[in-house]
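# Understanding the architecture of this molecule
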Amino acid sequence: MIPAERPAAPVSHDLTTDEYARFCDFFYQKTGISFNEKKAYFVKRRLQERMGARAATSFRDYFSMLRFDLNGVELQQLVNLLTVNETYFLREDYQFDALVDGILPEIARDRRPGSTIRIWSMPCSTGEEPYSIAIHILEKWRQSDDYAIEISGSDIDSAVLAQARKGRYSERSLHRVSPQLRRKYFRPLGADFQICDELRESIDFFSINIVDRVAMSGMRAVDVAFCRNLLIYFDDTSRREAVELLYESMAPGGFICLGHSESMSRMSSLFLPRKIAGTIVHQKPLRP
């Protein structure tokens, strides 16, 4: 049994090279996320925080606790600490323009009105991206009422998913949102802003690791996936595995939008590059 958590106490134990390597290997096996040498100081400090919170007197004690935590609670705490979740509304909105100007019209040409179009945001962090997608579609795609658009957001960080479901944001998160859109989709809540209930309740948020083959088997027929700045956390092996699982989850002809510094051609040949509305996206072929 894991002891009750207490306020983090300073831990002076400095991880040895072997201890750090053992942890990184364990974390990689569980999440597919790898850390380079530049991240070593950051990772070690976070590990020491958790060792202090669990009153572990040594890395050996803590690592044993971590490995035999059958519920995965402690691993989730580490995931929450070691993943970066900086985001804001309408970030890199040129891809949202490509979505409404090119991608959705192309999908709609082959679908009857009333059909479902599935859009998946990963990692969704605190929800700004999937909410931005919804707002952009409502504001700029004339056919938005003609189709059943399902938008979902996923992350491996349970803390940010809880925030996403609440839909409460600071001024910093909304710095690119116009006054008109703020009035339409948000209401003031103290010093923050609460997204409108209709929009908040329309998006499904869930936890999934995209290198988990069993979990990913439940993701099918996705038409558009926003996978921005996620694959950069993986090494070549787990990155290829993630792309293969994403390929299986996409509908034939489905589109993936990556981060501006990412290139699918360096990872896999499964998806074909397309230039739509001036933006490079990647498409699953209609036929294998």
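Above: the structure in question.
Residues numbered from 1 in each chain as written. Predicted model: local features only at pLDDT ≥ 70, side-chain atom pairs only at ≥ 80, totals over all residues. Heavy atoms only, no water.

### Here we look at the sheet that holds strand β5 (residues 192–195)
We apply this condition: Paired strands, in this sense, are two strands between which DSSP finds at least two bridges. Per the convention used, a helix needs a DSSP run of H or I reaching at least four residues, while a strand needs a run of E reaching at least two, with both numbered from the N terminus.
Within the open sheet, the three strands sit side by side as β3-β5-β4. Their pairing is antiparallel. Each end of this open sheet is capped by a strand with a single partner; those strands are β3 (168–169) and β4 (186–189).

### Remarks on the pairing of strand β1 (residues 116–121)
Formally: Handedness of a crossover: with both strands directed away from the viewer, a clockwise path from the first strand across the helix to the second marks it as right-handed.
The pairing of β1 with strand β2 (residues 148–155) spans six bridges and is classified as parallel. The residue of β2 that forms the bridge with Thr116 is Ala148. On the question of chirality, the crossover connecting β1 to the parallel β2 by way of helix α6 (residues 128–140) is right-handed. As judged from the three bridges shared by β1 and strand β7 (residues 222–227), these two strands associate in the parallel manner. Paired with Trp120 across the strands is Ala225, a residue of β7.

### Describing the sheet that holds β1
Keep this limit in mind: To define axes, lines are fitted to C-alpha atoms, for helices over the stretch in contact only, and angles between the resulting N-to-C directions are given on a 0 to 180 degree scale. Pairs of residues are marked as contacts when any of their non-hydrogen atoms sit within 4.5 Å.
One open sheet accounts for seven strands, arranged β6-β2-β1-β7-β8-β10-β9; its pairing is mixed. A strand with exactly one partner marks an edge of an open sheet, and here the two such strands are β6 (203–207) and β9 (272–276). Between one strand and the next, the sheet's axes are offset by a mean angle of 25°, whatever the strand orientation. Those strands touched by helix α7 (residues 158–166) are β2 and β6, and its axis lies near 170° from that of β6. In the packing of helix α11 (residues 236–249) onto the sheet, contacts are made with β1, β7 and β8 (250–258), and the angle to β8 comes to roughly 135°.

### Considering the packing of aromatic side chains
Here is the rule we go by: We call Phe, Tyr and Trp rings a pair once their centres come within 6.5 Å, taking the six-membered ring for Trp, and we label the pair stacked below 30 degrees between planes, edge-to-face above 60, and tilted otherwise. Only protein chains enter the accessibility calculation, which uses a 1.4 Å probe; a residue whose area is less than 20% of its type maximum is buried, one above 50% is exposed, and one in between is partly exposed. Geometrically, a lysine NZ or arginine CZ counts as sitting over a ring once it is within 6 Å of the ring centre and also within 35 degrees of the ring normal.
Using the criterion set out here, one finds twelve aromatic pairs in the structure. Ring centres of Phe89 and Phe186 lie 5.3 Å apart, and the angle between their planes is 85°; this geometry places the pair in the edge-to-face category. On the criterion of sequence distance, the pair formed by Phe89 in the loop between α4 (73–82) and α5 (94–108) and Phe186 in strand β4 is long-range, its members being 97 residues apart. Residue classification places Phe89 among the buried positions, given a relative accessible area of 1%. Every member of this aromatic cluster is reached through a ring pair, and the members are Phe89, Tyr131, Tyr169, Phe186 and Phe205. Between Lys44 and the ring centre of Tyr20, over which it is positioned, the NZ or CZ distance is 5.2 Å.

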